[in-house]
Amino acid sequence: MTDKVKLAGVIGQPIAHSRSPHLHGHWLKRYGISGHYIPMEVAQSDLKSVLETLPKMGFQGVNVTLPHKEAVLELADSVTDRAALIGAANTLTFTADGRIQADNTDGVGFLANIQDYVPEWSAKSGPCVVFGAGGASRAIIAALSQAGAPLIRVTNRTRARSDALKDHFGAKIEVVDWVQAGNVLDDASLLVNTTSLGMQGKSALRVPLDGLRPETVVTDIVYTPLETELLRTAKAAGCRTVDGLGMLLHQAAPGFERWFGTAPEVDMDLRKAVLAS
Ligand code: ATR
């Protein structure tokens, strides 16, 4: 008897550039799973009806990308604590009785990526400095906070957005002026860029890193290119650096396990496959 073909996918608009089909496709092949992972372009106006239809078509769940990450919370039957804290979901699971469970795995993906490269680092080790105050920043701040970071310094070009994060996350957050950020690095255990600066075609995130100690771990969520100017400069200052690709790979793993029943490995083969896609 053959297994029933399992279906999952990713919904967003636009969707053509999503790397998720490549990485789930790689895992499906590697584990010999009879399943498909399908990219689906979904307009905002169709979101509700698409989420009603997919479970009826036999889908186990979907990843969610821009612009639907916030809106799906309203349409889900249950929301994990971390997705509620972040205010957005990237992973939906359809249960056998037709319910929609919403989760957000971006933050755990971020921490797992650092764990791969600097296993001795812990969020509890000291203050973390976060550049940026968008959706990715929210997920990372939630994860750092839940993992026990004593203090999270947030700096953003638009001050009002970092102030809003302080209102949302509370006492552990300290807002730092964008132009002052270079002055709060000397006791940092982690520096992370969550802005799109450093991405191919954009200008670099240029922070004066003179105050940085070699003990500080420096990481970027940008992965095109893998080595951003920030990471290059930090490496030259003697810091350990972690590129952003692993976050993308790790955030996908919990969904794959839930939908296809196998906990997938994040390793060099997967990195190579996704980079080549
Ligand atoms: P995401 O959900 O991927 O985090 P976003 O919500 O659009 O995307 O956030 C993008 C982040 O990159 C923001 O922190 C943004 O700063 P603003 O809030 O001031 O817009 C930051 N960013 C983008 N371009 C930037 C630039 N040229 N200089 C400084 N920050 C920039």
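Note that residues are indexed from 1 along each chain, following the sequence as it is written. Reporting of local features is limited, given that this is a predicted model, to residues whose pLDDT is at least 70; pairs of side-chain atoms are given and counted only at 80 or more, and all residues count toward the totals for whole chains, interfaces and linings. Heavy atoms throughout the structure, all of them, feed into the side-chain values; hydrogens and water do not.

- The chain appears in an unreviewed UniProt entry as Shikimate dehydrogenase (NADP(+)) from Thalassobacter stenotrophicus.
- UniProt positions are given in the numbering used here, feature names are shortened, and annotations may be inferred rather than shown by experiment. Entered under Subunit (unreviewed entry) in the UniProt record, the comment concerning the chain runs "Homodimer."
- The UniProt entry for the chain carries this comment under Catalytic activity (unreviewed entry): "shikimate + NADP(+) = 3-dehydroshikimate + NADPH + H(+)".

1. Overview of helix α2 (residues 47–56)
- Among all positions of α2, only Leu47, Val50, Leu51 and Leu54 are buried. The buried side chains of α2 occupy one side of the element, clustering within an arc of 100° when seen end-on. With respect to the buried face of α2, the exposed residues turned more than 90 degrees away are Lys48 and Lys56.
- Two residues qualify as a contact provided that any one of their heavy atoms is within 4.5 Å of a heavy atom in the partner residue. In this description a helix means any DSSP run of H or I spanning at least four residues, a strand means any run of E spanning at least two, and both kinds are numbered starting from the N terminus. Summarising the contacts, the buried residues of α2 are in contact with β1 (6–12), β2 (35–41), β3 (59–64), α3 (71–75), β5 (91–94) and β6 (100–103).
- In the segment just after α2, Gly58 is the residue with positive phi, at about 100°. Think of it in three bands: with a 1.4 Å probe and only protein chains considered, a residue is buried below 20% of the maximum accessible area for its type, exposed above 50%, and partly exposed in between. When we speak of the arc, we mean the arc of directions from the helix axis to the C-beta atoms.

2. Some remarks on the UniProt feature "binding site: shikimate" (unreviewed entry) in the chain
- The UniProt record marks Ser18, Arg19, Ser20, Thr65, Asn90, Asp106, Tyr223 and Gln251 with the feature "binding site: shikimate" (unreviewed entry), using the residue numbering of this structure.
- Inspection of the secondary structure puts Ser18 in the loop between β1 and α1 (20–30).
- Mapped onto the fold, Asp106 is located in helix α5 (residues 106–117).
- The contacts of Asp106, once residues within four sequence positions are left out, are Lys69, Asn90, Ala139, Met247 and Gln251.

3. A short note on helix α8 (residues 229–236)
- Looking at α8, one finds that the buried residues are Leu230, Leu231 and Ala234. One face of α8 carries all of its buried residues, which in axial projection span an arc of 95°.
- The inward-facing, buried residues of α8 abut β10 (190–193), β11 (217–220) and β12 (240–242).
- Taken from the residues just after α8, Gly238 is the one with a positive phi, measuring 90°.

4. Quick word on the site of the ligand
- Proximity criterion: a residue is near a molecule or strand once any of its heavy atoms comes within 4 Å of it. In the neighbourhood of the ligand, 14 residues make up the surrounding shell, with Ala133, Asn156, Arg157, Thr158 and Arg161 lying closest.
- The definition of a polar contact used here is a pair of N or O atoms within 3.5 Å, where within protein one atom must be able to donate a hydrogen and the other to accept one, and adjacent residues in sequence count solely through side-chain atom pairs. In the environment of the ligand, an oxygen atom lies 3.1 Å from a nitrogen or oxygen atom belonging to the backbone of Gly135.
- At 3.1 Å from an oxygen atom of the ligand is found a main-chain nitrogen or oxygen belonging to Ala136.
- All accessible-area figures derive from a Shrake-Rupley calculation using a 1.4 Å probe, and residue coverage is judged against the displayed protein chains alone. With the chains in place, 70% of the 640 Å² that the ligand exposes on its own is no longer accessible.
- Any residue that is not Ala, Val, Leu, Ile, Met, Phe, Trp, Tyr, Cys, Pro, Asp, Glu, Lys or Arg is counted as polar, Gly included; the first ten are nonpolar and the last four charged. Classifying every residue of the shell around the ligand gives 4 nonpolar, 7 polar and 3 charged.

5. Points about the pattern of salt bridges
- By salt bridge we mean one thing: a side-chain nitrogen of Lys or Arg within 4 Å of a carboxyl oxygen of Asp or Glu. Evaluated as defined, the whole model comprises 14 salt bridges.
- For the salt bridge of Arg213 with Glu215, the shortest nitrogen-to-oxygen distance reads 3.7 Å.
- The salt bridge partner of Arg271 is Asp243, with a shortest N-O separation of 2.9 Å. Pair noted here: Arg271 is in helix α10 (residues 268–276) and Asp243 is in the loop between β12 and α9 (245–260), with a separation of 28 residues, a long-range link. For the pair shown, Arg271 and Asp243 are each scored as buried.

6. Here we look at the domain arrangement of the chain
- Where each domain starts and ends comes from a domain assignment, either automatic or drawn from a database. Structurally, the chain comprises domain 1 (6–104 + 247–276) and domain 2 (117–243).
- Residue-level contacts link 8 residues of domain 1 with 13 residues of domain 2.
- In this assembly, domain 1 packs against domain 2 so that about 980 Å² is buried in total across both faces, 62% of it on carbon and sulfur atoms.
- When residues of domain 1 are sorted by the area they lose upon contact with domain 2, Leu85, Ile86 and Arg271 head the list and together hold 53% of the total.
- Counting across the interface, domain 1 meets domain 2 through 1 salt bridge.
- Linking domain 1 with domain 2 are 4 residue pairs in polar contact (both at pLDDT 80 or more), by the criterion used here.
- Those elements that place two or more of their residues in the side of domain 1 that touches domain 2 are α4 (81–86), α9 and α10.
- Looking at the side of domain 1 that touches domain 2 element by element, the count peaks at 3 residues for α4. Here the buried area means the combined drop in accessible surface, using a 1.4 Å probe, for two parts upon being joined, counting both sides.

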